[in-house]
Amino acid sequence: AQSVTQPDIHITVSEGASLELRCNYSYGATPYLFWYVQSPGQGLQLLLKYFSGDTLVQGIKGFEAEFKRSQSSFNLRKPSVHWSDAAEYFCAVVPPGGSYIPTFGRGTSLIVHP
Amino acid sequence: ETGVTQTPRHLVMGMTNKKSLKCEQHLGHNAMYWYKQSAKKPLELMFVYSLEERVENNSVPSRFSPECPNSSHLFLHLHTLQPEDSALYLCASSQDRSRSTEAFFGQGTRLTVV
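Residues numbered from 1 in each chain as written. Chains lettered and ligands numbered in written order. Predicted model: local features only at pLDDT ≥ 70, side-chain atom pairs only at ≥ 80, totals over all residues. Heavy atoms only, no water.

### Quick notes on the overall build of chain B
Consideration 1: Of the regular secondary structure elements, chain B holds zero helices and eleven strands.
Consideration 2: Seen in sequence order, chain B has helices and strands lined up from the N terminus as β-β-β-β-β-β-β-β-β-β-β.
Consideration 3: Over its C-alpha trace chain B gives a radius of gyration of 13 Å, about what one expects of a compact globule, namely 13 Å for 114 residues.
Consideration 4: When the backbone C-alpha atoms are referred to their principal axes, chain B occupies close to 40 × 25 × 25 Å.
Consideration 5: By the burial criterion, 47% of the 114 residues in chain B qualify as buried.
Consideration 6: Across chain B, the fraction of contacts at a sequence separation of at least 24, relative to all contacts at a separation of at least 6, is 54%. (Helix = DSSP H or I, 4+ residues; strand = E, 2+ residues; numbered from the N terminus. Rg over C-alpha atoms; globule rule 2.2 N^0.38 Å. Buried < 20%, exposed > 50% of the residue type's maximum accessible area, 1.4 Å probe, protein only. Contact = heavy atoms within 4.5 Å.)

### A short note on the overall build of chain A
Consideration 1: For chain A, the helix and strand inventory stands at zero helices and twelve strands.
Consideration 2: Reading chain A from its N terminus to its C terminus gives the helix and strand order β-β-β-β-β-β-β-β-β-β-β-β.
Consideration 3: Compactness check: chain A gives a C-alpha radius of gyration of 14 Å against a globular reference of 13 Å for 114 residues, within 12% of the reference.
Consideration 4: When the backbone C-alpha atoms are referred to their principal axes, chain A occupies close to 45 × 30 × 20 Å.
Consideration 5: By the burial criterion, 46% of the 114 residues in chain A qualify as buried.
Consideration 6: Sequence-distant contacts, at least 24 apart, represent 55% of the contacts inside chain A between residues at least 6 apart.
Consideration 7: Across chain A, the centroid of the 8 positively charged side chains sits 6 Å from that of the 8 negatively charged ones. (Lys, Arg positive; Asp, Glu negative; His and termini not counted. Charge placed at Lys NZ, Arg CZ, Asp CG, Glu CD.)

### A look at the packing of aromatic side chains
Consideration 1: Going through the model one piece at a time under the given rule, you end up with 14 aromatic pairs over all chains.
Consideration 2: Measuring from ring centre to ring centre gives 5.6 Å for A:Phe63 and A:Tyr89, while their planes differ by 50 degrees; the resulting arrangement is tilted. Of the two residues, A:Phe63 is situated in the loop between strand 7 (56–58) and strand 8 (64–68) and A:Tyr89 in strand 10 (residues 87–94); the sequence distance between them amounts to 26 residues. The residues A:Phe63 and A:Tyr89 share a single accessibility class, namely buried.
Consideration 3: Relative to B:Phe105, the ring of B:Tyr35 lies with its centre 5.6 Å away and its plane at 45 degrees, an arrangement referred to as tilted. With B:Tyr35 in strand 4 (residues 31–37) and B:Phe105 in strand 10 (residues 104–105), the pair connects residues that are 70 residues apart, well separated along the chain.
Consideration 4: On the basis of relative accessibility, which here comes to 1%, the residue B:Tyr35 falls in the buried class.
Consideration 5: Cluster of aromatic residues (ring-pair linked, three or more members): A:Tyr32, A:Phe34, A:Tyr36, A:Phe51, A:Phe104, B:Tyr33, B:Tyr35 and B:Phe105. (Phe/Tyr/Trp six-rings, centres within 6.5 Å; stacked < 30°, edge-to-face > 60°.)

### Thoughts on the side chain of A:Ser73
Residue and element names in this part refer to chain A.
Consideration 1: Within the fold, Ser73 resides in strand 9 (residues 73–78).
Consideration 2: Classification of Ser73 as buried rests on a relative accessible area of 3%.
Consideration 3: Those residues in contact with Ser73 that sit more than four places away from it in its chain are Cys23, Asn24, Tyr25, Glu66, Phe67 and Lys68.

### Considering the state of the cysteines
Residue and element names in this part refer to chain A.
Consideration 1: Here the structure, examined in full by the defined rule, presents two disulfides over all chains.
Consideration 2: Paired by a disulfide, Cys23 and Cys91 hold their sulfur atoms 1.9 Å apart. Since a negative S-S torsion denotes a left-handed disulfide, the Cys23-Cys91 link at about -60 degrees is left-handed. Of this pair, Cys23 sits in the loop between strand 3 (19–21) and strand 4 (24–26) while Cys91 sits in strand 10, and the two are 68 residues apart along the sequence. With respect to class, Cys23 is no different from Cys91; both count as buried. (Disulfide = S-S within 2.5 Å.)

### Description of the nonpolar core
Consideration 1: With 27 residues, the main nonpolar core has A:Trp35, A:Leu48, A:Phe74, A:Leu76 and A:Tyr89 as its most contacted residues.
Consideration 2: Residue contributions to this core peak at four residues, all from strand 10 of chain A.
Consideration 3: Apart from residues no more than four positions distant in its own chain, A:Leu76 is found in contact with A:Leu19, A:Glu20, A:Leu21, A:Trp35, A:Leu47, A:Leu48, A:Phe63, A:Glu64, A:Ala65 and A:Tyr89.
Consideration 4: By size, the runner-up hydrophobic cluster in this structure holds 22 residues, among which are B:Val4, B:Cys23, B:Met32 and B:Leu76. (Core = buried A, V, L, I, M, F, W, Y, C linked by side-chain atoms within 4.5 Å.)

### What about the environment of B:His26?
Residue and element names in this part refer to chain B.
Consideration 1: If you trace the backbone, His26 turns up in the loop between strand 3 (18–25) and strand 4.
Consideration 2: For His26, a relative accessible area of 61% gives the class exposed.
Consideration 3: Taking C-alpha positions, His26 is 29 Å from Ser62, a pair spaced 36 residues apart along the chain.
Consideration 4: Here the side chain of His26 touches Glu24 through a polar contact of 2.8 Å, side chain to side chain. (Polar contact = N/O pair within 3.5 Å; in protein donor to acceptor, adjacent residues only side chain to side chain.)

Given below as structure tokens:
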């Protein structure tokens with residue numbers, strides 16, 4: 001079945017440490033790829049997106065993501081985490097072909113220790 | 001503030017009640033969406049409206065009834081709900097339904113069915 005997977009339910013890092021959140025997809029062709037963040041009690045906010053071109057994408061709040069076709073992955077990274085980054089992170093894909101119907105991963109909860 | 005406003009933010013209703021959730025966007029978008037976010041489950045797309053016409057209905061029970069009177073407003077009418085319907089209901093909008101357009105989310109309505 002076509003899907004998007006976020007293998008880590010929770011990630012705990014110390015403030016100032018680097019971060020990588022994993023996202024894998026299973027589609028025959030490259031989908032459109034998105035990362036969203038959800039702070040407690042809030043809706044989802046787009047961090048970045050990838051459609052084509054440069055496989056390293058820069059987003060807001062110091063986040064970046066790298067598309068790796070060979071691994072069907074779109075991992076989110078940040079070199080130095082701030083306490084305010086504690087939130088739920090969702091990877092989403094829009095399958096190739098057809099119109100905009102995004103599929104979301106289950107989310108990864110980021111906990112930041114001082 | 002994303003430009004998508006949902007009211008109310010919190011709602012507690014009995015199983016025999018009838019209530020409505022409201023979503024409003026002033027972004028000039030043509031597509032609007034209802035999502036259900038339950039604990040420990042992926043975001044579930046419920047309904048999609050494009051230019052006020054329903055284009056997607058993901059096997060949602062008839063106790064949920066959407067209404068889109070114009071491109072700026074979207075409602076979700078609720079009646080005879082079950083406790084398992086308790087969740088965060090998120091509204092989103094996008095410029096159109098092309099694959100490259102991002103979705104803007106409201107803050108959600110936290111619904112509790114008692």
